[in-house]
Amino acid sequence: MNLYIRYFDQEVLVKDVDEAIAFLADIDEIGMNPMLERDVREYVESNVMYPKRYKIRPRVYFIIIKTEAETMEDFKEKKAVRPVSAIVKPEAPVLVRLNEERFGWYEGSLDFKRVSIVPGTGKFQYRDTHFVACCKAVSGMDCYNRIVDHLSQRVDPRSQFPSAKGKNFKFTYLGECK
């Protein structure tokens, strides 16, 4: 695996991470430091095939791209493009999984902002609250609705619930129910 690195009009195709770090260290504006070096090494060792962009200052970046190209000409002519079959198929989008109908038991976890009273002052404040429940549902969305209905009857009405499509709601299908 080779690395293509570009910073404005300076570009290079190197064989390993040490050559890449040496190239970047020669550019004074980048300011190579141990943290940046460690991050570049972690990126190169990872399975991530997407280009990595590093911010130098506002609106100024350098980019690193992993490639199979052996020469700069091959890279520029895109001769080392990975075949589509080599690309890992991503997991189904959240909306598809959320609305997929499978009757059974679901475990849903929800992180929401709960309004609670501060005992010493009598004032109210929002507190991050994690709630997990198992319920019978038809889909992930039904699981979300059941959890929110349950909580809205038991907490202050000013509490804020996240969207079912966001990162603060997760669900797992546990299996069929009788």
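Just so you know, these numbers come straight off a predicted model, no measurement behind them.

(A) Spatial organisation of the nonpolar core. Counting residues in each nonpolar core, the largest one holds 18 residues, and the members touching the most others are Ile5, Leu24, Ile30, Val40, Tyr54, Phe62 and Ile64. Secondary structure elements with two or more residues in this core: strand S1 (2–7), helix H1 (17–25), helix H2 (34–45) and strand S4 (60–67). At 5 residues, the largest contribution of residues to this core is made by H1. Once residues lying within four places of it in the same chain are set aside, the contact partners of Phe62 are Ile5, Arg6, Tyr7, Leu24, Ile30, Leu36, Lys52, Arg53, Tyr54 and Ile56. Residues Ala133, Cys135, Tyr144 and Ile147 belong to the second largest nonpolar core, which totals 15 residues.

(B) Structural detail: the packing of aromatic side chains. Tallying each qualifying case throughout the model produces 8 aromatic pairs. On the basis of an interplanar angle of 15° and a centroid distance of 4.9 Å, the ring pair of Tyr54 and Phe62 is categorised as stacked. Here the two residues Tyr54 and Phe62 agree in accessibility, since each one is buried. Directly above the ring of Tyr61 sits Arg53, whose terminal nitrogen or CZ lies 3.9 Å from the centroid. Directly above the aromatic system of Tyr173 lies the positively charged group of Arg102, at a separation of 3.8 Å from the ring centroid.

(C) Region of the structure containing the environment of Lys55. For Lys55, the location among the structural elements is in strand S3 (residues 52–57). Along the backbone, Lys55 and Phe112 are 57 residues apart, and their C-alpha atoms lie at a distance of 33 Å. Once residues within four sequence positions are removed from consideration, Lys55 is found in contact with Val60 and Tyr61.

(D) Structural view of the sheet that holds strand S5 (residues 104–117). With antiparallel pairing, the 3 strands of this open sheet are ordered in space as S6-S5-S7. Of all strands in the sheet, those with a lone pairing partner are strand S6 (124–137) and strand S7 (169–175), marking the two edges. Direction aside, the axes of adjacent strands within the sheet are offset by 20° on average. Relative to S6, S5 is paired through 14 bridges, and the arrangement is antiparallel. Bridge pairing in S6 links Ser116 to Gln125. Packed on one face of the sheet, helix H5 (residues 140–152) meets S5, S6 and S7 and runs near 130° to S6.

Reading the values: the criteria
Positions within a chain are numbered from 1, following the residues in the order the chain's sequence is written. Totals for whole chains, interfaces and linings use every residue, but because this is a predicted model, local features are given only for residues with pLDDT of at least 70 and side-chain atom pairs only at 80 or more, for both listing and counting. Excluding hydrogens and water, the side-chain figures rest on all heavy atoms present in the structure. Here the nonpolar core consists of buried residues drawn from Ala, Val, Leu, Ile, Met, Phe, Trp, Tyr and Cys, with membership extended through side-chain atoms lying within 4.5 Å. Note on exposure labels: buried denotes an accessible area under 20% of the residue type's maximum, exposed denotes more than 50%, and partly exposed covers the range between, all computed with a 1.4 Å probe on protein chains only. In this description a helix means any DSSP run of H or I spanning at least four residues, a strand means any run of E spanning at least two, and both kinds are numbered starting from the N terminus. When checking whether two residues touch, look at their non-hydrogen atoms; a contact exists if any pair is within 4.5 Å. Ring pairs are drawn from Phe, Tyr and Trp, using the six-membered ring of Trp, whenever the two centres fall within 6.5 Å, and their geometry is named by plane angle: stacked under 30 degrees, edge-to-face over 60, tilted for the rest. For a lysine, the NZ atom is tested; for an arginine, the CZ atom; a charge sits over a ring if that atom is within 6 Å of the ring centre and within 35 degrees of the ring normal. Two strands pair under a simple rule: DSSP has to find at least two bridges between them. To obtain an axis, a line is fitted to C-alpha atoms, over the contacting stretch when the element is a helix, and the angle between two such axes runs from 0 to 180 degrees between their N-to-C directions.

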